[in-house]
Amino acid sequence: MTHPSRRLDDDVHQRVRLGVLALLSGVTRADFAQLKATLGTTDGNLGQHLRVLEEAGLITSTKDTAGQRGRTWVRITRKGRTALQREIQALKEIVAIVEAPTDAETPRPTPTSRPRTT
Amino acid sequence: MGRRRLATVWFPLSVFGLIYLGMAPLALVVHRNHLAPYFLVTLISASFLTARHYRRRGDSDGIETAVWPWLATSIAMTVGGGVASVTGFRLHSLFLNSTGPFLVVTAFFLAFSAIARSTFLLIDALIMAAVCAAATPIANGDNRVATEAIGFAFVLLASARLQHQAATGLN
């Protein structure tokens, strides 16, 4: 059985990218400004990570040119949801491994008393 | 149901609370078995208002949540309530005719609370069930429906206010 860390996806397993997918998984779509504010990153940094995710097919982005300022809306794809679920599952398994009791903590069975022989 | 979607549930709760508030006097005036036109008009209006609210909120917040779950649910609840009412009428069951529709809504809220793991919605469902139980002894069907409608209106509007306050704390 492979260690769950081997199932972590490099496209997903990055702070901003994981945050983007997690945020988008709960909504229909979010705009660039909202993602930037929620994840506490800069325009350039977020733009770079969104490009990575889009090239991997995990999100789609559309530009809305209505109004004075155009807005970029971002939406998670089905592939993105699957990738996120796999990442979450792998992380859960890693947590389970870390939190499992070690040998030193596993209670030893109490030895039964035997008559001493000298 | 995402946390974001739960945070905006106060609006459809408010709308449905007002619909029940309007239903109460109408049940006494036009008779409880003639409320179908009222529900048709209010359902269409409520759907339009909810869709517009979510669209506007999405534009201002930069986060859009889907409207269709609310629309589908409100349609399903209304149709289910109508079926219960008509079935009760045909079977000459005052309970099914007068309380059945409200129990359908209660069941939906119970299901929501489990899916969304929402204590708010669970409490709403329990109070709704209590309203139905408290109204059961009322012998007159129209009076029973009006009482249940008032009770449901109170629950929905109070819940909407509390959830709006809680949601404001999320931002």
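You'll find the structure just up there.
Residues numbered from 1 in each chain as written. Chains lettered and ligands numbered in written order. Predicted model: local features only at pLDDT ≥ 70, side-chain atom pairs only at ≥ 80, totals over all residues. Heavy atoms only, no water.

Asker: How should the side chain of Ser14 of chain B be read in this particular structure?
Answerer: Mapped onto the fold, Ser14 of chain B is located in helix H2 (residues 10–30). Residue classification places Ser14 of chain B among the buried positions, given a relative accessible area of 18%. (Helix = DSSP H or I, 4+ residues; strand = E, 2+ residues; numbered from the N terminus. Buried < 20%, exposed > 50% of the residue type's maximum accessible area, 1.4 Å probe, protein only.)

Asker: Can you walk me through the sheet that holds strand S1 (residues 29–31) of chain A in this structure?
Answerer: Hydrogen bonds along the backbone pair up the strands of a sheet, which may run parallel or antiparallel. Strands sit in the order S2(A)-S3(A)-S1(A)-S1(B) across an open sheet of four strands; the sheet is antiparallel. With one partner strand each, in any of the chains shown, strand S2 (59–64) of chain A together with strand S1 (63–64) of chain B form the two edges of the open sheet. As paired strands, S1 of chain A and strand S3 (residues 71–76) of chain A are joined by two bridges and run antiparallel to one another. When the bridges of S3 of chain A are listed, Asp31 of chain A appears paired with Trp73 of chain A. Here helix H3 (residues 43–55) of chain A sits on the sheet and contacts S2 and S3 of chain A; the angle it forms with S2 of chain A, its principal contact strand, is near 120 degrees. (Pairing = 2+ DSSP bridges. Contact = heavy atoms within 4.5 Å. Axes fitted to C-alpha atoms, helices over the stretch in contact; angles between N-to-C directions.)

Asker: In this structure, what is going on with the packing of aromatic side chains? I would like to understand it.
Answerer: Aromatic ring pairs are described here by two measures, namely the spacing of the ring centres and the angle between the planes. All names here are of chain B. For the coordinates displayed, the defined rule picks out seven aromatic pairs over all chains. Their ring planes at 80 degrees and their centres at 5.0 Å tell us that Phe102 and Phe152 sit as a pair that is edge-to-face. Here the residue Phe102 occupies a position in helix H5 (residues 94–116), and Phe152 occupies one in helix H7 (residues 141–170), the gap between them amounting to 50 residues. Of the two residues, Phe102 and Phe152, both sit in the buried class. (Phe/Tyr/Trp six-rings, centres within 6.5 Å; stacked < 30°, edge-to-face > 60°.)

Asker: Would you take a moment to explain helix H6 (residues 119–135) of chain B for this structure?
Answerer: Each full turn of the α-helix corresponds to 3.6 residues, which orients residues three or four apart in the same direction. All names here are of chain B. Here H6 spans 24 Å end to end across 17 residues, near enough to the 24 Å set by a 1.5 Å rise per residue. All buried positions along H6 are accounted for by Leu121, Asp124, Ala125, Met128, Val131, Cys132 and Ala135. Looking down the long axis of H6, one finds its buried residues gathered within 120 degrees of arc, a one-sided arrangement. Along H6, the residues that are exposed and aim more than 90 degrees away from the buried face are Thr119, Leu126, Ala133 and Ala134. Among the residues of H6, the N-terminal cap falls to Ser118, whose side-chain oxygen and the backbone nitrogen of Phe120 are separated by 3.4 Å. (Expected span 1.5 Å × (residues − 1). Arc of directions from axis to C-beta. Polar contact = N/O pair within 3.5 Å; in protein donor to acceptor, adjacent residues only side chain to side chain.)

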